[in-house]
Amino acid sequence: MTLAVRTVGIRKSFGAHEVLKGINLDVTHGEVLCILGPSGSGKSTLLRCINHLEVPDGGYAWVGGQIIGYALKDGALHELPVKRLRAQQSQLGMVFQHFNLFAHRTVLGNVIEGPMVVRGQSREEATTRAMDLLDMVGMAEKAQAYPAQLSGGQKQRVAIARALAMEPRVMLFDEPTSALDPELVGEVLEVMKRLAAAGTTMIVVTHEIGFAREAADRVVVMIDGEIRETGPASEVLSAPADPRVRAFLGRVLA
Amino acid sequence: MAVVSSDLTGTSPDALPEAGLPIRRLRHPGRWLAGAAVVVVLALLVQAFAAGNIRWPIVGEFLTAPVIVKGFGWTLLITFCALALGILLGFGFGMMRLSANPVLRFAAWLYVWIFRGTPVLLQLLIWFNIALIFPRLYIPGLVDARMVDVITPFVAAVLGLGVNEGSYLTEVVRGGIGAVDRGQVEAANTLGMTPGQTMRRIILPQTMRLVLPTLGNSAVGMLKFSSLAATIAMTEMLNAAQRIYFINGAVIELLFVCAIWYLAGTTVLSIGQHYLERHFGRSSSISAPRRNWLRRATAGVQA
C-alpha cells in the first residue's frame, strides 16, 4: 500500500479556540476515508488545512511526494510563493458544502475553466474531456445551463466533475450533501460511490453514516480537534471503544 | 366569538344564491378623478409653454445648427473619455482598496478622500490652471512641453471629470468585489488559479454585474456634468449655446435646444444600460439563456 496523504501534527486555532490539536493521519493510495464527528469537531478545518485553504498554525500535510505550502530547505519549512502553492493545490480536488460553482459560467464553462486556465489545454481538448466527465455525473445535457438554473444535487454533481477535470491525486469532500434537500442526497452519493469503486483516493467529511458504512475503507471519528477512533467502518460504527465516540454515534444513529 | 361580522352571519345557508350569479366589480371613481386632474394640469402646462415667450421656430432652427451639433459631439467625446478614465481608475483603485499591502490601501483611500471630498467644479478649475503650479511638464526621456500646451480645455475637462468619477467608482468597485461570494475565490484557489487569473476570470466578471447599474448612472451623470466644462472655455454644447445667445438674445430657445439634446443622449444611454445589464445578468436568470444582439456581438470576446 503506497501512501497518498499524510498529515503531520496539524494544529490550528481560531482566536483562543484550538480547533485542531495535532492531527496525524495516513491515507493510502485508492483508499476511501470518511471523517465523522459532531459539528465543531474540526473535521472541515482539517480538510481545509490539507489543501492549504487554511494555513495550519503548526504541522503540515504531505501529498504525493510534496509538502503542501512549503519547501523543505536547511531544516526549515519555507513558505512557497503563491504560484507554486496553487500548482500543488490543483492536484487536490475539492468539493465544497455550498458547491461554489462559478456563477457567471455555464456548467461546461465551470468544468473547462481549470484545465484551460491552469493546465493550458485548448478549448476543444478541455471540452471533450469535460463532456465525458459531465456524462459520468449525469449532467451532460445541462452543459449549457447556468448554476442558478440547477438544483442543489445537480450543482454538486457538476462541482465533482469540475474537480475531477484537474485529474487530482486526491479528492477532498467537505460535507458534500449537507446543504442538499434530503431527496437530492442520493444522486450525489451515487456519483461518489462510483468514484470510490473506480479506485479514487477520497477523504470525505460527512454526516452520512450510510455512505460511510457502504463506501468507506476506513472511518475516523474526530471530537474536539482530536482523532478519537479509527478503523474499518463496521468496527468503528458498531463497537466504538471510546465512550465519547459511542455517545456521538448513539445520537446520529438514533 | 367576540366579534361577529354581519357579512358572515347575514345570509343563512338555506338562502344561498346559485353559483352563476353575475358579479359586479368594485368601481374606482377616485382613480378616474386623479387621472383626469393630472391630464388637465399637463394640458395647461403644454398650453402655457406653447403660448409663452418662447419662439419655437428658433428652437427648431438651432436644434440642428452645425455649431450646436458639433458642440454635442464634443459633449459626447468628453463624456466617453472621462467615463473611460473614471472606470479605469475606479477598477484600479478599487482593487488597491482591497489589497493585502497597507501602502496600496492607504494610497487608494487618499485618492478617494481628496477627489470625492472636493467639488468637481473646483477640480476642473484646478486642472485647467495647473500650469500655474507646474509651468512645464517634464518627464525625462518622454515629455518636455509647456503645461498650457498640454492641458487644453478638453484635456482639463476629461481629467477633471474622469478623476473625480474614478473616486466614486473606486468605492463602487470595492463594494462590488466585496460582494462576490468568498467561496468563488476558494474554488478558484483549489483549481490552482493564480490571484491574477482569479481576479480577471472569476471576480471581476461577477463584479461587473453588481456595479453595472451604478455605472449606468455614472454615464448618465457624466453626460450632464460635462456641461461644467463650459466654465473652462471648452466649446461643448452648452458653451456653444451660450455664445450664440450672447449675440442673438434667444436665451431660453437655445437652452431648450440643449435640454432636448441632453434628453436624447441620456435616453440612448438608458437603453444601452438595459441591454448591458441583461447581458451581464444572464447567468443569474432562472430561465434559459436568451439570445440577443449583444450576446452575439461579444460571444468571441468572453471566451
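To be clear, the structure that these remarks concern was listed above.
Position numbers for residues count from 1 along each chain, tracking the sequence in the order it is written. Working convention: letters from A go to chains and numbers from 1 go to ligands, in the order in which they are written. Local features in this predicted model are restricted to residues whose pLDDT is 70 or higher, and side-chain atom pairs enter the listing and the counts only when it is 80 or higher, whereas totals over whole chains, interfaces and linings include all residues. Only hydrogens and water are removed before side-chain values are computed, so all heavy atoms of the structure are retained for them.

1. Some remarks on the overall build of chain B
Step number 1: The helix count covers DSSP runs of H or I at least four residues long, the strand count covers runs of E at least two residues long, and both are numbered beginning at the N terminus. The number of helices and strands found in chain B is 13 helices and 2 strands.
Step number 2: Here the C-alpha radius of gyration of chain B, 28 Å, is well above what a compact globule of 303 residues would show, namely 19 Å.
Step number 3: Referenced to the eigenvectors of the C-alpha coordinate spread, the extents of chain B come out at roughly 100 × 70 × 45 Å.
Step number 4: Relative accessibility thresholds used throughout: buried, under 20% of the residue-type maximum; exposed, over 50%; partly exposed, between the two (1.4 Å probe, protein chains only). Within chain B, the proportion of its 303 residues that are buried is 37%.
Step number 5: A separation threshold of at least 6 residues defines the contact pool for chain B, and within that pool the share at least 24 residues apart is 70%.
Step number 6: Computed by Shrake-Rupley with a 1.4 Å probe, the accessible areas treat only the displayed protein chains as cover when residues are assessed. For chain B, the accessible area works out to roughly 18200 Å², and carbon and sulfur atoms hold 69% of it.
Step number 7: In this count, Lys and Arg are taken as positive residues and Asp and Glu as negative ones, while His and the chain termini are left out. For the purpose of locating charges, the reference atoms are NZ of Lys, CZ of Arg, CG of Asp and CD of Glu. Charged side chains in chain B number 24 positive and 13 negative. The centres of these two groups are separated by 7 Å. Radius of gyration: C-alpha atoms only; globule rule: 2.2 Å multiplied by the number of residues to the exponent 0.38. In what follows, residue pairs with any heavy atoms lying within 4.5 Å of each other are defined as contacts.

2. Details of a nonpolar patch on the surface
Residue and element names in this part refer to chain B.
Step number 1: Exposure above 30% relative accessible area and the lack of any salt bridge qualify a residue for a patch; like charges then connect within 9 Å, and the nonpolar side chains Val, Leu, Ile, Met, Phe, Trp and Tyr within 5 Å. Just to be clear on terms, a salt bridge is a Lys or Arg side-chain nitrogen sitting within 4 Å of an Asp or Glu carboxyl oxygen. A contiguous nonpolar patch, built from Val38, Val41, Leu42, Leu45, Phe49 and Trp56 and spanning about 550 Å² of accessible area, is present on the exposed surface.
Step number 2: Among the elements that line the nonpolar patch, the one with the most residues is helix H2 (residues 29–51), at 5 residues.
Step number 3: Relative to the assigned elements, Leu45 resides in helix H2.

3. Here we look at the packing of aromatic side chains
Step number 1: Here a pair means two rings of Phe, Tyr or Trp (six-membered ring of Trp) with centres within 6.5 Å. Their orientation is stacked below 30 degrees between planes, edge-to-face above 60, and tilted elsewhere. Taken as a whole and judged by the stated rule, the model has 9 aromatic pairs over all chains.
Step number 2: For the pair B:Trp109 and B:Trp113, a centre-to-centre distance of 5.8 Å together with 10 degrees between the ring planes defines the contact as stacked. Within this pair, B:Trp109 and its partner B:Trp113 are both found in helix H5 (residues 102–116), separated by 4 residues, close to a single helical turn.
Step number 3: For the ring pair B:Tyr245 and B:Phe246, a centre distance of 5.4 Å and an interplane angle of 75 degrees mean the geometry is edge-to-face.
Step number 4: Of the residues examined, B:Tyr245 reaches a relative accessible area of 13% and is grouped as buried.
Step number 5: Judged by its relative accessible area of 65%, B:Phe246 is exposed.
Step number 6: Put simply, the rings of B:Phe49, B:Trp56 and B:Phe256 pair up and form one aromatic cluster.
Step number 7: Ring-over charges, as used throughout, are those where CZ of Arg or NZ of Lys falls within 6 Å of the ring centre and within 35 degrees of the ring normal. Across the ring face of A:Phe102, the terminal group of A:Arg162 is positioned such that the distance to the ring centre comes to 4.6 Å.

4. Digging into the interface of chain B and chain A
Step number 1: In this assembly, 28 residues from chain B lie in contact with 28 residues from chain A.
Step number 2: Contact between chain B and chain A buries roughly 2500 Å² in total, counting both sides, with carbon and sulfur atoms accounting for 58%.
Step number 3: The largest contributions to the chain B side of the interface with chain A come from B:Thr190, B:Leu191 and B:Arg201, which together make up 27% of the buried area.
Step number 4: At the junction of chain B and chain A, the tally comes to 2 salt bridges. Once two parts are joined, some of their accessible surface, as seen by a 1.4 Å probe, is lost; buried area is that loss totalled over both.

5. Focus on the pairing of strand E8 (residues 92–95) of chain A
Residue and element names in this part refer to chain A.
Step number 1: Neither face of E8 is open: one carries Leu92 and Met94, the other Gly93 and Val95, and all of them are buried.
Step number 2: Only when DSSP finds a minimum of two bridges between them are two strands counted as paired. The pairing of E8 with strand E9 (residues 170–174) spans 4 bridges and is classified as parallel. Each bridged residue has a counterpart across the sheet, and for Met94 the counterpart in E9 is Leu172.

By themselves, these figures tell us nothing about what the structure is for.
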